[in-house]
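# Per-entry structural report
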Amino acid sequence: ALGGVGWIGYGVYQDRHPEPQIEADPTKKTLVILGTGWGSVSLLKRLDTENYNVIVISPRNYFLFTPLLPSCTTGTIEHRSIMEPIRTILRHKRANVKFYEAEASSIDPDRKVVRVIDNSEVKGATVETEVPYDMLVIGVGAENATFGIPGVRENSCFLKEIADAQLIRKKIMDCVETAAFKDQSPEEIDRLLHMVVVGGGPTGVEFAGELQDFFEEDIKKLIPDISDRFRVTLIEALPNVLPSFSKQLIEYTESTFKEEKIDIKTKTMVKKVTDKTVEAEITGPDGKKEKVVFPYGLLVWATGNAVRPVVKDLMARIPAQKDSRRGLAVNEYLVVQGTRDIWAVGDCAVAGYAPTAQVAGQEGTFLARLFNNMAKTEALEENIRDLSGSLNLKPGNAAEVSREIEDNERQLRRIKDVKPFHYSHQGSLAYIGSEKAVADVSWFNGNFASGGSLTYLFWRSAYLSMCFSTRNRLLVINDWLKSKLFGRDVSR
Ligand code: NAD
């Protein structure tokens, strides 16, 4: 325990007392980084910022620890506990980094400039401008896929950003309070208390689990008169949920959901959404298709990713990106195909891996190593050039200078080759409600699949250790304790 306190104390001290920073050198190459998500922030964390003139641009001035976002929808975790201000992160870098809170609207690879717009509520005299770059890293992520299904954009909640989780939290209680309103008809109570989740990937599954917990542990106790009417339905187009997990864990999840009374509708494809209903097509065991209508109070749409407009626009400008559909095609060094000075990381890049936080994080870390090496290489090469030049000017020191050149060359040989990016999968984890989780983990080349309460403790400690800062970690522990002891806060 003493060790733990010491560790936390050290973390807190470090957070509050970063080393003094050196000014960025504007004569160095300008490295522009778009985004403040997993890819960009992992890059920033490891990047030696003194080697470049670094500029970060993102409409979001914080990093969001997305694995715990579903817990924010029910108040198990308060949203600020999983946000880390980018300013705090940048303050810990050795050399000063500029940050602009703005959205990149387009990228011109010929002129090497990024067009940026300030979309915030308070506007200054400059709202739109251009930022030139020598090197550009695109880590802007993706947007929510709706597949053009009518009514989805207007009527659903998504689960990607903090604002989405806050909206869901408000809407759940809005549905509950409206259902409990005097003289509400039974059909209307049923509709209002029917929570529909579309998409049986990890996002939909984790959210459905959290929602059922919230209801069982809190709402039911506080508003018992409507408690038998609350229902959660999870709709998935494929034959099973969590397609990326092993068969055993899929079965475990489905049976746990059955116990939790979450209704899973597989082979069910949503075709249309209105403000009160979801219309879908169910494929029966005989292959016959049947139309069904689900009245709902809350609809959460979690069917994966689509390409952002700024990325689409850039792809259209680069002939080599013509055949890429899901995002920017990159080579094994994460260089955007058809360019020399643009890299892409995370969900906006197509490198052959799933669009997960883990992949984005490793890509960012890889780029940091690559850029740190490139800077060292360039510095050594320049040094060698200078020394070779001085060899003729100062013949007296020839032996010493030659030795130094050799030394520089030796160092150069040692650092020159960075191996191509290789993703190392640490496993997948998902919370499935009622204090149970599933884990597909690879350890020592062996696979290990588990589900249950012990896995839940593993899930908790893994996510806790992955939190960005000591501050985040303390806040998350506090939230967990608070909701366990006093229940979740149901005020809107
Ligand atoms: P996803 O792409 O993993 O799943 C979306 C699901 O929606 C698919 O199974 C698809 O069949 C279904 N779907 C699509 N259109 C539909 C329709 N019209 N009707 C019914 N179902 C439809 O999306 P996600 O869950 O948001 O995850 C996105 C990425 O993030 C994935 O790579 C995922 O692995 C990762 N992720 C991981 C975790 C974790 O590991 N705990 C948590 C969240 C997200």
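The rules behind these values
Residues numbered from 1 in each chain as written. Predicted model: local features only at pLDDT ≥ 70, side-chain atom pairs only at ≥ 80, totals over all residues. Heavy atoms only, no water. Pairing = 2+ DSSP bridges. Helix = DSSP H or I, 4+ residues; strand = E, 2+ residues; numbered from the N terminus. Axes fitted to C-alpha atoms, helices over the stretch in contact; angles between N-to-C directions. Near = heavy atom within 4 Å. Polar contact = N/O pair within 3.5 Å; in protein donor to acceptor, adjacent residues only side chain to side chain. Areas by Shrake-Rupley, 256 points an atom, 1.4 Å probe, with all protein chains shown as cover. Domains from an automatic or database assignment. Contact = heavy atoms within 4.5 Å. Buried area = accessible area lost by both parts, 1.4 Å probe. Salt bridge = Lys/Arg side-chain N within 4 Å of Asp/Glu carboxyl O. Nonpolar A, V, L, I, M, F, W, Y, C, P; charged D, E, K, R; others polar. Phe/Tyr/Trp six-rings, centres within 6.5 Å; stacked < 30°, edge-to-face > 60°. Buried < 20%, exposed > 50% of the residue type's maximum accessible area, 1.4 Å probe, protein only.

Here we come to the sheet that holds strand E20 (residues 342–344). Strand order in the open sheet made by the 5 strands is E5-E2-E1-E9-E20, with parallel pairing throughout. Edge positions in the sheet fall to strand E5 (98–101) and E20, since each has one partner strand and no second. With strand direction ignored, the average angle separating the axes of adjacent strands in the sheet is 15 degrees. Pairing of strand E1 (residues 30–34) with strand E2 (residues 53–58), which is carried by 5 bridges, proceeds in the parallel orientation.

Attention shifts here to the site of the ligand. Every one of the 23 residues lining the ligand counts as a neighbour, but Thr203, Glu236, Ala237, Val270 and Leu429 are closest to it. Separating an oxygen atom of the ligand from a backbone N or O atom of Pro202 is a distance of 3.3 Å. Glu236 is positioned with one of its side-chain polar atoms (N or O) 2.6 Å from an oxygen atom of the ligand. Look at the ligand: alone it shows 850 Å² of surface, and the protein chains cover 77% of it.

With that settled, the discussion passes to the domain arrangement of the protein chain. It is common to give the size of an interface as the accessible area lost on bringing the parts into contact. In terms of domain boundaries, the protein chain breaks down into domain 1 (20–142 + 307–378) and domain 2 (152–301 + 425–467). Averaged C-alpha coordinates put domain 1 and domain 2 at centres separated by 31 Å. Facing the 24 residues of domain 1 at the interface are 21 residues of domain 2. Of all residues in domain 1, Pro70, Thr73 and Thr74 give up the largest surface area on contact with domain 2, accounting jointly for 29% of the area buried on that side. Note that Arg60 is salt-bridged to Glu161, the shortest N-O span being 2.9 Å. Elements represented by at least two residues in the side of domain 1 that touches domain 2 include exactly strand E3 (62–64), helix H3 (69–72) and helix H11 (357–393). For the side of domain 1 that touches domain 2, the leading source of residues is H3, giving 4 residues. Looking at the side of domain 1 that touches domain 2 residue by residue, the class counts come to 11 nonpolar, 9 polar and 4 charged.

On to the packing of aromatic side chains. Summed over all chains, the structure comprises 16 aromatic pairs. Ring plane angle 50 degrees and centroid distance 5.5 Å describe the contact between Phe63 and Phe468, whose orientation is recorded as tilted. With Phe63 in strand E3 and Phe468 in the loop between helix H13 (453–466) and helix H14 (470–486), this residue pair connects regions lying 405 residues apart in the sequence. Each member of the pair, Phe63 as well as Phe468, carries the same accessibility label: buried. Judged by centre distance (5.8 Å) and plane angle (85 degrees), the ring pair of Tyr353 and Phe421 falls under edge-to-face.

Of note in the backbone geometry, Asp183 takes a positive phi value of approximately 65 degrees without being a glycine. Within the element layout of this structure, Asp183 appears in the loop between helix H6 (162–179) and helix H7 (186–192). Residue classification places Asp183 among the exposed residues on the basis of a relative accessible area of 69%. With phi around 65 degrees, Leu334 is a residue other than glycine that occupies positive phi space.

A few words now on the pattern of salt bridges. Two side chains with opposite charge may pair up if their charged atoms get near one another. Under the defined criterion, the tally for this structure stands at 26 salt bridges. Arg111 serves as the salt-bridge partner of Glu130, at 2.7 Å between the closest nitrogen and oxygen. Taken together, the positions of Glu130 in strand E8 (residues 128–132) and Arg111 in the loop between strand E6 (103–108) and strand E7 (113–117) put the pair 19 residues apart, joining distant regions of the chain. When the shortest N-O distance is used, the salt bridge between Arg410 and Asp407 registers 3.5 Å. Of this pair, Arg410 and Asp407 both sit in helix H12 (residues 398–415), 3 residues apart, which is roughly one turn of that helix. Under the relative-accessibility criterion, Arg410 is labelled partly exposed at 41%. Take Asp407: its relative accessible area is 33%, and that puts it in the partly exposed class. What emerges from the salt-bridge pattern is a single network uniting Asp108, Arg111, Arg115, Glu128 and Glu130.

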